[in-house]
Amino acid sequence: MFRFEEDTQFLVVYTGSRHATSDDYRDFIARWSARLAQTEHFGVIMVSEPHLHTEEDGDGREHEAEITRLINDFRRDYREQTTRLNLGFGRVYAAEIIENYFPDVTTWEQAQAGLDRYARYNWAIPGRGFAHLLEAKAWLREQISQTPVATTTETIPLKSSQRVGLFYGSSTGVTEMVAYQIRDAWAVLGMEPITPINIGEVKDLAVLLNYDCLILGTSTWNIGQLQDDWEIVFTQIDSLDFSGKQIALFGIGDQYAYPDNFIDAVGILGEKLVERGGGLIGFWDSDGYEFSESAALVEDRFMGLAIDDSRQPERTKARTQQWVAQIVQEFALQPA
Ligand SMILES: Cc1cc2nc3c(=O)[nH]c(=O)nc-3n(C[C@H](O)[C@H](O)[C@H](O)COP(=O)(O)O)c2cc1C
């Protein structure tokens, strides 16, 4: 069960040694959002304590979907307030966790980068990990005197003359990161610039029909489900006609933790778009991945780029660049 420690400067949550439940997160978010109604800056720190695995504790998966939903809702509703009042998210890891999960400089740096991306994505603030609570507090006190970081969310062009649209749904910022890598690789090839748009900002999916070519990205969540922001707009696809549209999909997943559902969301999205007349391009070889099943698989190829930034982060950029070169050809687009 989560335990909380609050004073005027900090909201500290201790994860406890059991798997977190959705009630834990509901409580945490309620406390956090209540403080956002005030005007004082405050730091948020999560202290991760080692799990004591017991039989009745289960593996925590039964709460996953609900927890994901709670965090995504909080991001959508409170991002502006968090960026104004929080300015930093600290995470403190018990020594045992650091030893097991981040035993060397490389893994520690990867964790730091992941945490920073996570905090920027969810709350538009920097994130950082620490071995001690006092260090986290000192860092957060420093952040209070900084100006807020810029958010990565771009405004949506209502009408676009661009031929290529890039949309993504992301719950912890990984798909967003890949979307920006696609944008960069696209520019390196001399193509007309494209702007990644978070599908969570799109109320009316008809906006997708403004483009001839679409690049759509989704992570997979909750064992074979669409990412939450895609889930919300998904049923709108049924009333849209994608005939004549060329669509390249990219998906993010974790092949070791979810080997029976690796990037399933790409399959869900791909099948639906084809049903609505869309043509898929950008198929990607499944060699180099280890998994049992994927709804995104057609014979031996994925319906789009597969990225596993949890297990193969060192391959993310090269895969993305190679795929971008491939889809530029398949879209039959010329440099600007
Ligand atoms: C609760 C939970 C469920 C997940 N389910 C799947 C899954 O079924 N298949 C898969 O390939 N990856 C799964 N993942 C891995 C995520 O897709 C992966 O962490 C991804 O990087 C998240 O990207 P995002 O931050 O853009 O949402 C899951 C992760 C979590 C935490």
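Residues numbered from 1 in each chain as written. Predicted model: local features only at pLDDT ≥ 70, side-chain atom pairs only at ≥ 80, totals over all residues.

Trainee: I'm lost on the nonpolar core in this one. Help?
Mentor: Soluble globular proteins: nonpolar side chains tend toward being buried together. With 48 residues, the main nonpolar core has Val178, Leu249, Val266, Leu269 and Phe302 as its most contacted residues. Elements supplying a minimum of two residues to this core: β6 (164-169), α6 (174-188), β8 (213-221), β10 (246-252), α8 (264-275), β11 (279-281), β15 (304-307) and α9 (313-331). No other element matches the 6 residues that α6 contributes to this core. Tyr93, Leu115, Trp123 and Phe130 belong to the second-largest nonpolar core, a separate cluster that totals 21 residues. (Core = buried A, V, L, I, M, F, W, Y, C linked by C-beta atoms within 7 Å. Buried ≥ 20, exposed ≤ 12 C-beta atoms within 10 Å, placed from the backbone. Helix = DSSP H or I, 4+ residues; strand = E, 2+ residues; numbered from the N terminus.)

Trainee: Looking at this structure, I do not really get the packing of α6 against α9. What am I missing?
Mentor: If you want to describe how two helices pack, look at the angle between their axes and the distance between the axes. For the pair α6 and α9, interaxial distance at closest approach is 9 Å and the crossing angle is 50°. Classed by the angle they form, the pair α6 and α9 counts as oblique. Our pair here, α6 against α9, has a crossing hand that is right-handed. Taking contact as the criterion, the partners of Val178, Gln181, Ile182, Ala185 and Trp186 in α6 are, on α9, Thr316, Lys317, Thr320, Gln321 and Val324. Taken together, the residues of the contact of α6 with α9 break down into 5 nonpolar, 4 polar and 1 charged. (Axes fitted to C-alpha atoms, helices over the stretch in contact; angles between N-to-C directions. Parallel < 35°, antiparallel > 145°, perpendicular 65-115°, else oblique. Left-handed = near helix turned anticlockwise from the far one by under 90°. Contact = placed C-beta atoms within 7 Å. Nonpolar A, V, L, I, M, F, W, Y, C, P; charged D, E, K, R; others polar.)

Trainee: So what exactly am I meant to see when it comes to the sheet that holds strand β5 (residues 127-130) here?
Mentor: Two modes of strand pairing occur in sheets, parallel and antiparallel, and in both the strands are linked by backbone hydrogen bonds. In space, the 5 strands of this open sheet follow the order β1-β2-β3-β4-β5, with mixed pairing throughout. Edge positions in the sheet fall to β1 (3-6) and β5, since each of these pairs with one other strand and no more. Along the sheet, successive strands turn relative to each other by an average axial angle of 20°, direction set aside. Where strand β4 (residues 89-93) lies against β5, 4 bridges are found, and the strand directions are parallel. (Pairing = 2+ DSSP bridges.)

Trainee: Whenever I open this one, the domain arrangement of the protein confuses me. Can you help?
Mentor: Much of the literature gives interface size as the accessible area that the parts lose upon coming together. Annotation of the protein at the domain level lists domain 1 (3-144) and domain 2 (164-331). One C-alpha centre belongs to domain 1, the other to domain 2, and the line joining them spans 28 Å. Each side of the interface is counted separately: domain 1 has 11 residues, and domain 2 has 11 residues. Taken together, the elements giving at least two residues each to the side of domain 1 that touches domain 2 come down to α2 (64-85) and α4 (105-123). Looking at which element gives the most residues to the side of domain 1 that touches domain 2, the answer is α2, with 6 residues. (Domains from an automatic or database assignment.)

Trainee: Explanation requested: the pairing of β8 in the structure shown.
Mentor: Side-chain positions along a regular strand alternate between the two faces of the sheet. Counting buried residues in β8 gives 9 out of 9 residues, a clear majority hidden from the surface. Alternating positions in β8 separate into two faces, Cys213, Ile215, Gly217, Ser219 and Trp221 on one and Leu214, Leu216, Thr218 and Thr220 on the other, with burial throughout. Relative to β8, β6 runs parallel, the two sharing 6 bridges. When the bridges of β8 are listed, Tyr168 appears paired with Gly217. Note that β8 and β10 share 7 bridges and pair parallel.

Trainee: How do you make sense of the site of the ligand when you look at a structure like this?
Mentor: Near the ligand lie 25 residues; those nearest to it are Ser170, Thr172, Thr175, Ser219 and Gly253. Only α2, α6 and β8 provide two or more residues apiece to the shell around the ligand. By residue class, the composition of the shell around the ligand is 7 nonpolar, 14 polar and 4 charged. (Near = placed C-beta within 6 Å.)

Trainee: Could you clarify how one ought to interpret the sheet that holds strand β14 (residues 301-302) in this entry?
Mentor: Reading across from one edge, β12-β14-β13 is the order of the 3 strands in this open sheet, with antiparallel pairing throughout. Whereas interior strands pair on both sides, the edge strands pair on one side only; in this sheet they are β12 (284-285) and β13 (297-298). The pairing of β12 with β14 spans 2 bridges and is antiparallel. Bridging from a neighbouring strand, Trp284 pairs with Phe302 of β14.

Trainee: Help me understand helix α1 (residues 22-36) in this model?
Mentor: Because each turn of an α-helix spans 3.6 residues, side chains separated by three or four positions in sequence point in the same direction. In this model, α1 (15 residues) spans 21 Å end to end at C-alpha, consistent with the 21 Å of a helix rising 1.5 Å per residue. For α1, the full list of buried residues reads Asp24, Tyr25, Phe28 and Trp32. One side of α1 holds all its buried residues, which, seen down the axis, span an arc of 90°. Along α1, exposed side chains directed more than 90 degrees from the buried face belong to Ala30 and Ala34. (Expected span 1.5 Å × (residues − 1). Arc of directions from axis to C-beta.)

Trainee: Please clarify how the packing of α1 against α2 should be interpreted in this entry.
Mentor: The N-to-C vectors of α1 and α2 enclose an angle of 15°; their axes lie 10 Å apart at closest approach. Taken together, α1 and α2 sit at an angle that is classed as roughly parallel. When you trace α1 past α2, the crossing you get is left-handed. Taking contact as the criterion, the partners of Ser22, Tyr25, Arg26, Ile29, Ser33 and Leu36 in α1 are, on α2, Glu66, Ile67, Leu70, Ile71, Phe74, Tyr78, Gln81, Thr82 and Leu85. Here the contact of α1 with α2 is composed, by residue class, of 9 nonpolar, 4 polar and 2 charged.

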